[in-house]
Amino acid sequence: MKTLFSGIQPSGDIHIGNYLGAIRNWVRLLDKYQCIYCIVDYHAITIEYDVQEMLSRIIGAATVNIAAGLDPEKCILFRQSDVVQHTELAWVLNTVTPMGDLERMTQFKDKSRQHASNVNAGLFTYPVLMAADIMLYKAEAVPVGDDQIQHLELCREITRKFNNRFGEVFPEAQPLLSESPRILGLDGKSKMSKSLGNTISLVDSPELIREKLATAVTDENRKRRKDPGNPDVCNLFTMHKGFSTAEQLKWVDEGCRSASIGCLECKKLLADNMLADIAPIQERIAEFAKKPDLVRQILDEGARKCRVIAEKTMDEVHGVMGFK
Ligand code: AQP
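Keep in mind it's a predicted model, so treat the numbers as computed, not measured. (Residues numbered from 1 in each chain as written. Predicted model: local features only at pLDDT ≥ 70, side-chain atom pairs only at ≥ 80, totals over all residues. Heavy atoms only, no water.)

1. Some thoughts on the site of the ligand
For step 1, the next point in the chain: For the ligand, the set of nearby residues contains 23 residues, the closest of which are Ser11, Lys111, Asp147, Lys194 and Ser195.
For step 2, the next point in the chain: Within the contact set of the ligand, an oxygen atom lies 3.2 Å away from a side-chain nitrogen or oxygen of Gln9.
For step 3, the next point in the chain: The side chain of Ser11 places a nitrogen or oxygen atom 2.5 Å from an oxygen atom of the ligand.
For step 4, the next point in the chain: The protein chains hide 98% of the 630 Å² of surface that the ligand would expose on its own.
For step 5, the next point in the chain: At the level of secondary structure, the elements contributing two or more residues to the shell around the ligand comprise β1 (3-8) and α1 (16-28).
For step 6, the next point in the chain: Along the lines of polarity and charge, the residues of the shell around the ligand split into six nonpolar, 12 polar and five charged. (Near = heavy atom within 4 Å. Polar contact = N/O pair within 3.5 Å; in protein donor to acceptor, adjacent residues only side chain to side chain. Areas by Shrake-Rupley, 256 points an atom, 1.4 Å probe, with all protein chains shown as cover. Helix = DSSP H or I, 4+ residues; strand = E, 2+ residues; numbered from the N terminus. Nonpolar A, V, L, I, M, F, W, Y, C, P; charged D, E, K, R; others polar.)

Now the structure itself:
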């Protein structure tokens, strides 16, 4: 089986964008690849964070992923800082990564604007660490949302640069997009993002989810109930595609275009379906919350397995670089 790698930052509560754009796909791919999933805590420190909250965020992110279906019997789940070779390989890759390529990254530009008082070098070299995460396991597939496609293209470029300089060590990783590669936030404009606070979280209560959906921005041209809308430009319809049946999608699509249904009815159906989908996940999260040691054990065991692979890769890297 080919190896697959992907990661998620413990930078806030995991949301519907992460779930539809990445995690649900991760679960579906469990039987097709040797899957390695990572809580990327070193990535999460590139923006301001609360030191007191970090550990509970790491455990929280792992818990949500396991509850959503990442069965530790079928994949490796670990945290990045437990395997030192991630930062070791990142340093090596820094030396083959052109500055100009990093300067072009749109996430760096966006985050520099969002966090203007803390534009640190880690934020700039974030894609190099991401390349190291993937290359350390010689992963050939990386399931991500479309916001990460540019970083993945750079990872492939870094792979080529390294292989050209030192010999064919690493495969070029291919992106795997889900059916919902980009979910917008409740504002209907920016990407749903933990750090933007425009999210529906997987741990939000049913009441809060209904409340948030009620205020979510829809097709802005649909100002009154009798105005026909356009589902193609409505973020709510994108979410419907992740939770509703083909028949329900048809009902929403036709009803919206003809104004025979209003946004309230559309939102109510979406809330019902979303809540039904995530209810079992929330139940499992509540179960895991009673046993945080179990989640830590799963992460420790995952790190133990990853270290074996990572040591082997770094040994090979040191060999081709003339260090041995
Ligand atoms: N809105 C989204 N739609 C579809 N996919 C998304 N992903 C994130 N947001 C969306 C995908 O989820 C995976 C994990 O993301 P991450 O936590 O590592 O980083 P991110 O992309 O930066 O996510 P956030 O929520 O926006 O976090 P912050 O605000 O901390 O930067 C990735 O595969 C991502 O593509």
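2. Observations concerning the environment of Gly7
For step 1, the next point in the chain: Along the chain, Gly7 turns up in strand β1.
For step 2, the next point in the chain: Note: C-alpha distance between Gly7 and Glu254 (247 residues apart in sequence) is 38 Å.

3. Quick word on the pairing of β1
Every other side chain in a regular strand lies on the same face of the sheet, so the side chains alternate between the two faces.
For step 1, the next point in the chain: In terms of burial, β1 is a largely internal element, five of the six residues being buried.
For step 2, the next point in the chain: As paired strands, β1 and strand β2 (residues 34-39) are joined by six bridges and run parallel to one another. Residue pairing in the sheet places Leu4 in a bridge with Cys35 of β2. (Buried < 20%, exposed > 50% of the residue type's maximum accessible area, 1.4 Å probe, protein only. Pairing = 2+ DSSP bridges.)

4. Quick notes on the packing of aromatic side chains
For step 1, the next point in the chain: A full pass over the atoms with the stated rule returns seven aromatic pairs.
For step 2, the next point in the chain: Note on Phe5 and Tyr137: the rings are 5.7 Å apart at their centroids and 5° apart in plane angle, and the pair reads as stacked. In this pair, Phe5 sits in strand β1 while Tyr137 sits in the loop between α7 (121-135) and β4 (141-144), placing the two residues 132 residues apart along the sequence. Of the two residues, Phe5 and Tyr137, neither departs from the other in class, the shared state being buried.
For step 3, the next point in the chain: Aromatic side chains Phe108 and Phe124 sit 5.0 Å apart centroid to centroid with 70° between the ring planes, which places their arrangement in the edge-to-face category. (Phe/Tyr/Trp six-rings, centres within 6.5 Å; stacked < 30°, edge-to-face > 60°.)

5. Describing a nonpolar patch on the surface
For step 1, the next point in the chain: A contiguous nonpolar surface patch, about 360 Å² in accessible area, is contributed by Tyr42, Ile45, Tyr49 and Val51.
For step 2, the next point in the chain: Within the fold, Tyr42 resides in helix α2 (residues 41-44). (Patch = residues over 30% accessible without salt bridge, like charges linked within 9 Å, V, L, I, M, F, W, Y side chains within 5 Å. Salt bridge = Lys/Arg side-chain N within 4 Å of Asp/Glu carboxyl O.)

6. Section: the domain arrangement of the chain
For step 1, the next point in the chain: Taken as a whole, the chain is organised into domain 1 (3-183 + 292-320) and domain 2 (204-286).
For step 2, the next point in the chain: Centre-to-centre separation of domain 1 and domain 2, based on C-alpha positions: 31 Å.
For step 3, the next point in the chain: Each partner contributes residues to the interface: domain 1 has 10 residues there, and domain 2 has 11 residues.
For step 4, the next point in the chain: By the criterion of area lost to domain 2, the three top residues of domain 1 are Ile16, Ala67 and Ile183, representing 44% of everything that side buries.
For step 5, the next point in the chain: Here Asp277 ties to Arg24 by a salt bridge, and the two come within 3.1 Å at their closest N and O atoms.
For step 6, the next point in the chain: At the boundary of domain 1 with domain 2, the tally comes to four residue pairs in polar contact (both at pLDDT 80 or more).
For step 7, the next point in the chain: Secondary structure elements with two or more residues in the side of domain 1 that touches domain 2: α1 and α3 (51-67).
For step 8, the next point in the chain: Tallied by class, residues from the side of domain 1 that touches domain 2 come to seven nonpolar, one polar and two charged. (Domains from an automatic or database assignment. Contact = heavy atoms within 4.5 Å. Buried area = accessible area lost by both parts, 1.4 Å probe.)

7. So, the side chain of Thr313
For step 1, the next point in the chain: Within the fold, Thr313 resides in helix α13 (residues 292-320).
For step 2, the next point in the chain: Accessibility expressed as a relative area gives 4% for Thr313, which makes it buried.
For step 3, the next point in the chain: Beyond its immediate sequence surroundings of up to four residues, Thr313 is in contact with Met135, Leu136 and Phe170.

8. Details of the nonpolar core
For step 1, the next point in the chain: Of all hydrophobic cores here, the largest spans 58 residues; its most connected members are Ile16, Tyr19, Tyr37, Ile39, Leu77, Leu213 and Met274.
For step 2, the next point in the chain: Per element, the largest residue contribution to this core is 10 residues, and it comes from helix α12 (residues 263-289).
For step 3, the next point in the chain: Listed in part, the 45 residues of the second largest apolar core include Val40, Ile76, Met105 and Tyr126. (Core = buried A, V, L, I, M, F, W, Y, C linked by side-chain atoms within 4.5 Å.)

9. Quick look at the environment of Ile66
For step 1, the next point in the chain: Structurally, the position occupied by Ile66 is in helix α3.
For step 2, the next point in the chain: Residues in contact with Ile66, not counting those within four places in the same chain, are Pro72, Leu77, Phe288, Val295 and Ile298.

10. As for the packing of helix α10 (residues 235-243) against helix α11 (residues 246-258)
For step 1, the next point in the chain: Running from N to C, α10 and α11 cross one another at 165°; their axes reach a closest spacing of 9 Å. Relative to α11, the element α10 is oriented roughly antiparallel. Remark: the crossing between α10 and α11 carries right-handed chirality. Contacts from Phe237, His240 and Lys241 in α10 reach Leu249, Val252 and Asp253 in α11. (Axes fitted to C-alpha atoms, helices over the stretch in contact; angles between N-to-C directions. Parallel < 35°, antiparallel > 145°, perpendicular 65-115°, else oblique. Left-handed = near helix turned anticlockwise from the far one by under 90°.)

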